[in-house]
Amino acid sequence: MRKFLLAGVCLLMSICVQLRAQERTVTGTVTSSDDGSPLPGVSVLVKGTTKGTNTDSEGKYRISLPAGAQLVFSYVGFMKSTVDIGAKSVVDVALSPDDNNLNEVVVTAYGGSTAKKNLTSAVAQVSGKTIENLPLQSVDRALQGRAAGVQVTALSGQPGGGINVRVRGVGSINAGNEPLYIIDGVQVASGGLSSTASSNVLASLNPNDIESIQVLKDAAGSAIYGAQGANGVVLISTKRGKAGKTKFTVSYQEGSTQLLKKLDVLTASQFATLKIEGFVNRALATNQSVETARANAIAQYGDPATVQNTDWQDYVFRTGRLRSINASAAGGDGKTNFRLSTAYDYNAGQVIKSDFGRGTVRLNVDHQATKKLKFETSIGLAATKQNGAIADGAFINSPFFAAALILPGQPVYKEDGSYNAPLTGAFSYNPVQSVEYETRLNTTVQTVSNFALNYEILPGLKFRSFYGIDYANNRDDAYRDPIVPQFASTGGSSTVNSRYTLNWNTAQTLSWNKLFANDHDVTLLGGGEYREEVRETVTATGQGFPNGLFRTLAAAARPITTTGTYTTWRIASLFGSANYSFKEKYLATATLRYDGSSRFGANTRYGLFPAASVGYRLSEESFMKGLGWLSELKIFAGYGKAGNNNIDNFASRALFGLGGQYIDLPGVRPSQLGNANLSWEVATTINAGVNYSLFNGRIYGEVQAYRKVNDRLLLSRPLPDDSGFGSIFENLGKVENKGLEIEFNHINVNRGGFKWETNWNVSFQRNKILQLLPGQDRIGTGLRVGEPIAIHWYPTYAGANPADGRSMWLDTLGNITYTVQARDSRVQGTPLPKGFGGVTNRLSYKGLSLEFFLQGQWGNKLLNNNGFFMESSASAGWNNLQSQLDRWTTPGQITRVPRAYEGGTEPGSSSLQTFSTKQLENGGYVRLKQVTLSYDLPSRLVKKAGMSRVNVFAQAINLLTWTAYTGFDPEVLSIELGTYPQSKQITGGIQIEF
């Protein structure tokens, strides 16, 4: 027996020795084929097994494997490489960059990511490299024209001003239409922080810190965010450190900002000429003395032969300047990786006394504490300062509105150099003086930071605990000096508005990934989330200041108002998702989210939002492999529901307000009816598309079609007068958006070191109201079933009567009328574009590159409200456009400009200033949005100086615009009235890496 045992042990040891002899250790270095630099963190896997390792900070690896095995090397942004080891013990590998768009990694919800080729939902992606060094005050501007299905419109040209972002149309009437913004997992509060400025909450984020921007466009991708995903989700990921030698990057650029265009206004002589005509025409129509009328006109507006001209736009608009300084350091040892960045940006606007300054600091750290435990943190701090925060509109503090309308025969300054004030005409104030002595300052300090713990419980099973905070402290200071005549009556005034926003969220998740038999890839995610937002505001106003040297509220002689507000809302959620892939050929995803929001009624506070999508990569089928020109082909489709809780925090509550005083006793009274059944708006989306890549990535792109229906809209239903209330919020109405999105990219030339690449995207959209209130097909004049959610409702203008020069319109029957009635109005188009898109061309030869980017839209109408004032045949007390020189003067003349008539209303006619299609214009445009010329200095010279890369560049923003629109800028939502116009920016700079 002992002999048998001894023989068995010897046999077992012999087998083990033989097996061990078949395994050996292989080492090597993985580098980039582009420049030979080592690649840290490359995945090195024994093919057909789960055994593997990663390269260290110098790109080196070490692994034991059996004889005859193969190693698979994979790294984000590079082509996967499979190598036969044979008898070699040292294997060095050079990975080639992956130009195939479908292999790009896309960030998904809650820290997840996947290759674009495995996506089954609609995601638009913008790389951080695309926007690096662009002089942008907020990152959402970078989406304009670069993401299919995402329409971006500047609300104001003011530096740091607001942006309107719409993902696949406008679906809600009263609830918000802004997407959910998430920065490194932190759900930030949407909207502007300032009450007096056109501001943007994303202006606190430095665009040079952005790694990528992903827009989840359909419910299959956004439903996992439940009640916050109905309008799309924008995921912003910031740059993080990678293992390797610390890399330093410094960039500096300087430039100028200029007005896109001035309005072509009348000179003082031209204006006086029209005024004389208007006075004379009125005298003839009312049987008054023509000579007296002529003399009165000359006395008020000057003699056309001698009156001096002033173009007030030259004093209000200026050439501003831009400056941007960025510095960063990134690196790590594989165990602890970091990236630290700081930046300062300054933009002096094209309007006097308006500017924007921003300082930012960001630190991102990843630390692998143990094999199972990893920590992540992102700390972002920003301080912004916005001067000349001039509200848009026809106000005393809107010099860009007043400058074009002030009577041109009046100078800005008197002969002694003092301001000329008060002025004659409708604008009696001097806007240059007003802006000079008025303070409108907005300051913000903000942090968007997070912390996450990741723990691998078992292989493939991970727990993640995430905490994020978005905190902003904001203050508006508005001071009006008594030296300005308009403010003298109150002795000057000062208002201080201070507010803070505390917005935080936490998510606890479990994720599990398992690959079965090398074919079945399953990923499960489940967790819970909580979010709370608190906003508090304190406002105080005082009047009566001794002079402009004393501007604080303590110096005010009379306290006027002191008020404060506090509001909060909360949301708690459970969610789960499952992803399945079979041989990366058949793909499926399902998500489910259960939300509870404090904004809704007690009976309907919770909502369930499901979604599912599937994909089929036909290019992986054996019968497709013979098509050498076909690299990738995938079809996918999805269906899902997402909620919208972006309403007032108390829309469902019964409210009481002040004002219930009775016989001098204080009291309160009901101010709003509650609705315990008020619940979510729900967006249901059906999406289908195809991804393709041809000729080894030479041509690639995507086509998607969708239909999104927003149901159970949050509308205000009118109530009978005897109810004591005017209306109540209920879930009523339905809006449909449908569209087609096309992305087409192609490499035109790639030989001899010269490369020319073109990227297109175009989106077609249609919007329609399907339902409103029960039994009603309209609400007021702006909402009608069967029409878009935004329409222009005006009578039709028919030009000037050739016989007598009077304005003509069409009545409800299509006949000529001179007196417009309310019934004569009809739908005259929509401000919503039928299509929009962009095209980018990139040309490079060795170190020299040129990029130019065109962006535009079409199919929409804009109301030029400036034209309402300035296309009135000089009938009122403000200046007009040069177009009014084509006014009617003689019988038989055909023109759209009526004759001059002082006061604007002829006997038996409606006013010349009647809103109609006269002020409606085609809002389509094409804009040369960006041109960038850059040059990488030769590496041999750069390395001698101890640097790794030096790039010099020059760029222009909004360089040219082609449009039929006659106002300042066609890039407005619907109506242009005293809007701070956009600028043209030209900058030059240098970026150094070492």
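Treat the numbers as computed from the prediction; the structure is a model and nothing was measured.

1. Looking at the sheet that holds strand 7 (residues 93-95)
Reasoning step 1: Overall, mixed pairing links the three strands, which are arranged 4-1-7 in an open sheet. Both outer strands of the open sheet, strand 4 (60-66) and strand 7, are each paired with one neighbouring strand and no more. Ignoring strand direction, the axes of neighbouring strands in this sheet form an average angle of 35°.
Reasoning step 2: Inspection of the sheet shows strand 1 (residues 23-32) paired to strand 4 by seven bridges, in the antiparallel sense. Residue pairing for strand 4: V26 is matched across the bridge by I63.

2. Section: the side chain of S465
Reasoning step 1: Along the chain, S465 falls in strand 23 (residues 461-480).
Reasoning step 2: Within the structure, S465 has its side chain in polar contact with the side chain of Q508 (distance 2.6 Å).
Reasoning step 3: The contacts of S465, once residues within four sequence positions are left out, are F451, A452, L453, A507 and Q508.

3. Looking at the nonpolar core
Reasoning step 1: By size, the foremost hydrophobic cluster in this structure holds 31 residues, and its most contacted members are I131, L143, V150, I213 and I236.
Reasoning step 2: Mapped by element, the contributors of at least two residues to this core are strand 10 (123-127), strand 11 (150-154), strand 12 (163-167), strand 13 (180-183), strand 15 (210-216), strand 16 (233-238) and strand 22 (438-458).
Reasoning step 3: Beyond its immediate sequence surroundings of up to four residues, I236 is in contact with V139, I182, I183, D184, L205, I210, S212 and I213.
Reasoning step 4: Counting residues in each nonpolar core, the second largest holds 30 residues, with V265, F401, A402 and A403 among its members.

4. Let's talk about the pattern of salt bridges
Side chains that differ in charge, positive against negative, can pair when their charged atoms come close.
Reasoning step 1: Inspection of every chain in the model, using the stated rule, returns 41 salt bridges.
Reasoning step 2: Its salt-bridge partner being R480, residue E438 comes within 3.3 Å of it at the nearest N-O pair. Taken together, the residues E438 in strand 22 and R480 in strand 23 connect sequence positions 42 residues apart.
Reasoning step 3: In this structure, the salt-bridge partner of E620 is R617, at a minimum N-O distance of 3.4 Å.
Reasoning step 4: The class of E620 is partly exposed, set by a relative accessible area of 26%.
Reasoning step 5: A single network of salt bridges, built from pairs that share partners, joins K117, E584, R617, E620 and E632.

5. A closer look at the layout of surface pockets
Reasoning step 1: Put simply, the second largest pocket is a space of about 440 Å³.
Reasoning step 2: Along the walls of the second largest pocket sit 27 residues, with S190, E533, W569, R599 and N646 positioned nearest its centre.
Reasoning step 3: Only strand 13, strand 25 (520-543), strand 26 (558-582) and strand 29 (630-644) provide two or more residues apiece to the lining of the second largest pocket.
Reasoning step 4: Its residues assigned to classes, the lining of the second largest pocket comprises 10 nonpolar, 11 polar and six charged.

6. Brief notes about the side chain of Q828
Reasoning step 1: Turning to its location among the elements, Q828 is positioned in the loop between strand 44 (826-827) and strand 45 (835-845).
Reasoning step 2: Q828 has contacts with H792, Y794, P795, T796, K861, T917 and L920, leaving out every residue within four places of it along the chain.

7. What to know about the pairing of strand 26
Reasoning step 1: Here 24 bridges tie strand 25 to strand 26, and the two strands are oriented antiparallel to one another. Residue pairing in the sheet places H520 in a bridge with F582 of strand 26.
Reasoning step 2: With 12 bridges joining them, strand 26 and strand 27 (residues 586-597) adopt antiparallel strand pairing. Bridging from a neighbouring strand, Y580 pairs with A588 of strand 27.
Reasoning step 3: Here strand 26 folds back onto strand 27 in antiparallel fashion, the turn holding three residues, of which K583 has a positive phi close to 55°.

8. Points about the confidence of the model for the protein
Reasoning step 1: The predicted model of the protein has a mean per-residue pLDDT of 89, with 95% of residues at 70 or higher.
Reasoning step 2: Confidence over residues 8-21 falls short of pLDDT 50; this stretch has zero contacts with residues more than four positions distant or in other chains.

9. Describing helix 4 (residues 268-285)
Reasoning step 1: The terminal C-alpha atoms of helix 4 lie 26 Å apart, and with 18 residues this matches the ideal 26 Å at 1.5 Å per residue to within 8%.
Reasoning step 2: Looking at the buried side of helix 4, the elements it contacts are helix 5 (290-301).

10. So, empty space enclosed by the protein
Reasoning step 1: Throughout the structure, instances matching the rule amount to 11 cavities of 30 Å³ or more.
Reasoning step 2: Reported here for the largest cavity is a volume of approximately 280 Å³.
Reasoning step 3: Lining the largest cavity are 21 residues, and of these L136, R141, I957, N958 and Q985 lie nearest its centre.
Reasoning step 4: When residues of the lining of the largest cavity are traced back to their parent elements, those giving at least two are strand 49 (925-936), strand 50 (949-963) and strand 52 (983-993).
Reasoning step 5: Of the residues assigned to the lining of the largest cavity, the class counts are six nonpolar, 12 polar and three charged.

Rules and cut-offs
Residues numbered from 1 in each chain as written. Predicted model: local features only at pLDDT ≥ 70, side-chain atom pairs only at ≥ 80, totals over all residues. Heavy atoms only, no water. Pairing = 2+ DSSP bridges. Helix = DSSP H or I, 4+ residues; strand = E, 2+ residues; numbered from the N terminus. Axes fitted to C-alpha atoms, helices over the stretch in contact; angles between N-to-C directions. Polar contact = N/O pair within 3.5 Å; in protein donor to acceptor, adjacent residues only side chain to side chain. Contact = heavy atoms within 4.5 Å. Core = buried A, V, L, I, M, F, W, Y, C linked by side-chain atoms within 4.5 Å. Buried < 20%, exposed > 50% of the residue type's maximum accessible area, 1.4 Å probe, protein only. Salt bridge = Lys/Arg side-chain N within 4 Å of Asp/Glu carboxyl O. 1 Å grid on protein atoms, 1.4 Å probe; cavity = no way out; pocket = protein on both sides within 12 Å on 5 of 7 lines; lining within 4 Å. Points joined across faces, edges and corners; volume = space filled by probe spheres on them. Nonpolar A, V, L, I, M, F, W, Y, C, P; charged D, E, K, R; others polar. pLDDT = per-residue confidence, 0-100. Expected span 1.5 Å × (residues − 1).

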